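Chains, contacts and geometry: an overview
Single-letter residue listing:
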Amino acid sequence: MCNYSNQNPLVFTIKGLCRVCYTCVRECPVKAIKIIDGQANIISKRCIACGNCVIVCSQGAKTYYSSVKKVENFIRSKNKTMLCIAPSFAAEFTEIKNYKIFVGMLKEVGFDYITEVSFGADLVAEKYKDIFENKKIKSVITSDCPAIVNYITHYHPDLVQFLAPIITPAMAMAEVVKQKYGNNLKVVFAGPCIAKKAESNCFDENLTFIELRKILENKNISQKNVTASEFDNPISGKGAFFPVNHGLLKSIDKTAGFGKGEVITAEGKVKFKEAINEFEKGFLENHHLELLCCDGCIEGPGMSKGVPKLVKRMNINKYVNNKLSKLSYEKWEKEKNDFLNIDLSRTFEPKDRRLKKPAKKEIKKILVSMHKIQKNDMLNCGACGYINCEEHAIAVCEGLAEIEMCLPYTIEKLHNLVDDLNKSHKKLSDTKQALKQSEKLASMGQLSAGIAHELNNPLGIITLYSSILKDEIDSKNDIYEDIKIIDEQAQRCKTIVGGLLNFARKNKVNLKETNIIDFVKHSFKSFVKPDNVEIKLVVEIENPIVQIDNEQMMQAITNIEKNAVEAMPKGGILKVKIFNEKNNIIFEISDTGIGIAEENREKIFTPFFTTKGANKGTGLGLPLVYGIIKMHKGKINVKSNNKPENGQTGTTFIISIPRN
Ligand code: ADP
Ligand code: MG
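What this report covers is the structure whose coordinates are included nearby. These figures come from a predicted structure and were not determined experimentally. (Residues numbered from 1 in each chain as written. Chains lettered and ligands numbered in written order. Predicted model: local features only at pLDDT ≥ 70, side-chain atom pairs only at ≥ 80, totals over all residues. Heavy atoms only, no water.)

Section: the overall build of the chain
Summing up its helical and strand segments, the chain has 20 helices and 18 strands in all. Compactness check: the chain gives a C-alpha radius of gyration of 46 Å against a globular reference of 26 Å for 660 residues, more than 25% above the reference. With respect to the principal axes defined by its C-alpha atoms, the chain has extents near 150 × 55 × 45 Å. The 660 residues of the chain split such that 48% are buried. Counting contacts in the chain only where the partners sit at least 6 residues apart, residues at least 24 apart contribute 75% of the total. Total accessible area on the chain is roughly 34,500 Å²; 52% of this is exposed by carbon and sulfur atoms. Distance between charge centroids for the chain: 3 Å, based on 95 positive and 77 negative side chains. (Helix = DSSP H or I, 4+ residues; strand = E, 2+ residues; numbered from the N terminus. Rg over C-alpha atoms; globule rule 2.2 N^0.38 Å. Buried < 20%, exposed > 50% of the residue type's maximum accessible area, 1.4 Å probe, protein only. Contact = heavy atoms within 4.5 Å. Areas by Shrake-Rupley, 256 points an atom, 1.4 Å probe, with all protein chains shown as cover. Lys, Arg positive; Asp, Glu negative; His and termini not counted. Charge placed at Lys NZ, Arg CZ, Asp CG, Glu CD.)

In structure tokens:
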């Protein structure tokens, strides 16, 4: 008896090998494949064991219950063993030119008897002939392909009544050998089919030809050095035509009706389904359907890949014709008569596995979630494995598929993801930049606080005494000029220390409601405006009230304005524009000055960076501005042009701070 069960399913996925290409989903005629955890899994309950997925999976991720070990054990045991071989062997072992050598090899493996399943086909063919010629039976579907039988019992249970009530050639052969050789024999079937493994319990094990090859390989048996041998009795006749299309008809000489439309043959997963659909709709009334799930048994999933179909077909024809030319018809007929007592009848039970079709509303919902809203959104590209977008959506509703299987949808999603990633990357690098800046500022702050604290008092004393000295000495005195220089430089030191102290103290903001227009106007009074500089104020806001730290923000704005004036030694325009952007208030402070050289643009916020010469600049203005803007949770950007050939030179600082 076959050894698989639901826990040990017939066809299954080898975990990890599946690369989710959806080819098996596409090729499965019954939607028995579900993507779970990135692996295409077979739902045993829905599977008809056609083995299409095994054939098409390029990764070898689909496989089936293996009988190799069990059969090797049979051979090793004391039991007598028989191998019952399907006639399609001639299409599999094409490298062996003489079937007797092949039989010899099988005997060498250790099988005591080798018989041909096609004798069972001979018996079954007679029964089909009865049905086809019985005028009372109007329509019938052949039941010799187990995958087709599964398909009908699972998915067209209403058609079960039309299945030919006849056992398969293999089942018939199992009865024959039992009668002829007794029960104390392990009987193994070998053929091209996976579904056969689940067909019945009539054999002790069912091998595919691929498995049979494995057994030959394991035993290291080749064509050389084997003794040719004949098949064991009973010898078969035309039944050997069974595995090719129209084979059943050939084996029962039923060619008269064929062509007049009485018998319709359909093979392969597309055509057999079409034929059944038409049959169900009543278009094929009074017809006999001969259906094969594969493109003939010779294309079955238990056959090795690589041999062209026509070569296989030719080999079968050659083998059968040769066999028939030597067949003693008298002996064959007599032998068939010996088994007339075998009951070839069979009944079928519907095993409905159909899923309830989801409501239109549900399908639409899924389609919308895949961004398929209009007709031209439905690409029906089939990349997901389903024939069109709607079928995919239905499978999603049924819990068999995932939305992500839609390639265009997933690509779109990926594009969006890449965009988002780019955006957050940009944000991250901006933040990193800002962090670097604040780190610099923080360490500067600490250092400044220390130095400023230590220097402030002695400097106060120096400036006090130097200015007293300067005031007391007559300007004509020899040392007056020297004292004046000491005083000037001491004052300068005080300015720097004052800047440093400012810088160090900025760690808190004291927000107050402020009229920003008045505030900016006031800032213009904090520096000396040269005559050649014109000031312009542009206001594009309605509500001028914002929350800022007055003192700090005044320092920030005037620092920028002073820089602007200093950048326009030959005069120009200082323009301040105030406007809204969402909840932010923006200040654009621009000048028509000399601009900032490109290589300096990154450095201007670094403490002590100045281009103004040792006596003029301190390089502490912009770092201070930066700190203040950040304290207000704002942003500062700079645009500048220092090359006249690129148009008006000048610099614009854009400050954005939240209104509240
Ligand atoms: P300082 O004014 O003491 O040099 P800042 O920190 O205020 O220090 O400015 C740093 C440098 O940035 C300046 O030396 C100058 O090179 C550049 N800079 C700032 N504002 C402007 C501007 N409006 N136009 C041209 N260069 C500017
Ligand atoms: Mg400055």
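Some details on the packing of helix α19 (residues 550-566) against helix α20 (residues 621-631)
Relative orientation of the contacting elements α19 and α20 amounts to 140°, with a least axis distance of 9 Å. One way to sum up the angle between α19 and α20 is to call them oblique. Two packed elements cross with a definite hand, and for α19 against α20 that hand is left-handed. For the pair formed by α19 and α20, the contact residues are Q552, M553, Q555, A556, N559, I560 and N563 on the first element and G621, L622, L624, V625, I628 and I629 on the second. In terms of residue class, the contact of α19 with α20 is made up of eight nonpolar, five polar and no charged. (Axes fitted to C-alpha atoms, helices over the stretch in contact; angles between N-to-C directions. Parallel < 35°, antiparallel > 145°, perpendicular 65-115°, else oblique. Left-handed = near helix turned anticlockwise from the far one by under 90°. Nonpolar A, V, L, I, M, F, W, Y, C, P; charged D, E, K, R; others polar.)

Quick word on a nonpolar patch on the surface
A surface patch of nonpolar side chains, about 390 Å² in accessible area, is lined by I461, L464, Y465 and I468. Structurally, Y465 is set in helix α16 (residues 407-472). Assessed through its relative accessible area of 51%, Y465 is described here as exposed. (Patch = residues over 30% accessible without salt bridge, like charges linked within 9 Å, V, L, I, M, F, W, Y side chains within 5 Å. Salt bridge = Lys/Arg side-chain N within 4 Å of Asp/Glu carboxyl O.)

Here we look at the site of ligand 1
Neighbouring ligand 1 are 19 residues, the closest being N563, T610, T611, K612 and L622. Between ligand 1 and G619 there is a distance of 2.9 Å, counted from an oxygen atom to a backbone nitrogen or oxygen. Contact distances for ligand 1 include 3.3 Å between an oxygen atom and a backbone N or O atom of G621. Bound to the protein, ligand 1 loses 94% of the 530 Å² it would expose on its own. Of all the cavities here, the one that holds ligand 1 is the largest pocket. Broken down by secondary-structure element, the contributors of at least two residues to the shell around ligand 1 are α19, α20 and β18 (650-658). No other element matches α20, which puts three residues into the shell around ligand 1. (Near = heavy atom within 4 Å. Polar contact = N/O pair within 3.5 Å; in protein donor to acceptor, adjacent residues only side chain to side chain. 1 Å grid on protein atoms, 1.4 Å probe; cavity = no way out; pocket = protein on both sides within 12 Å on 5 of 7 lines; lining within 4 Å. Sits in = over half its atoms within 2 Å of the grid points.)

Looking at empty space enclosed by the protein
Scanning the entire structure with this criterion turns up three cavities of 30 Å³ or more. Taken together, 27 residues form the lining of the largest cavity, with D144, P192, C193, K196 and C297 sitting closest to its centre. Of the residues contributing to the lining of the largest cavity, the split by class is 23 nonpolar, two polar and two charged. (Points joined across faces, edges and corners; volume = space filled by probe spheres on them.)

Comments concerning the pairing of strand β15 (residues 572-581)
Inspection of the sheet shows strand β13 (residues 533-540) paired to β15 by eight bridges, in the parallel sense. Across the sheet, K536 pairs through a bridge with K575, a residue of β15. Here β15 runs beside strand β16 (residues 584-591); their pairing, made up of eight bridges, is antiparallel. Paired with F579 across the strands is I586, a residue of β16. In sequence, β15 turns back onto β16 through a hairpin of two residues, with K582 there showing a positive phi of about 55°. (Pairing = 2+ DSSP bridges.)

Nothing here speaks to function; it is all geometry.
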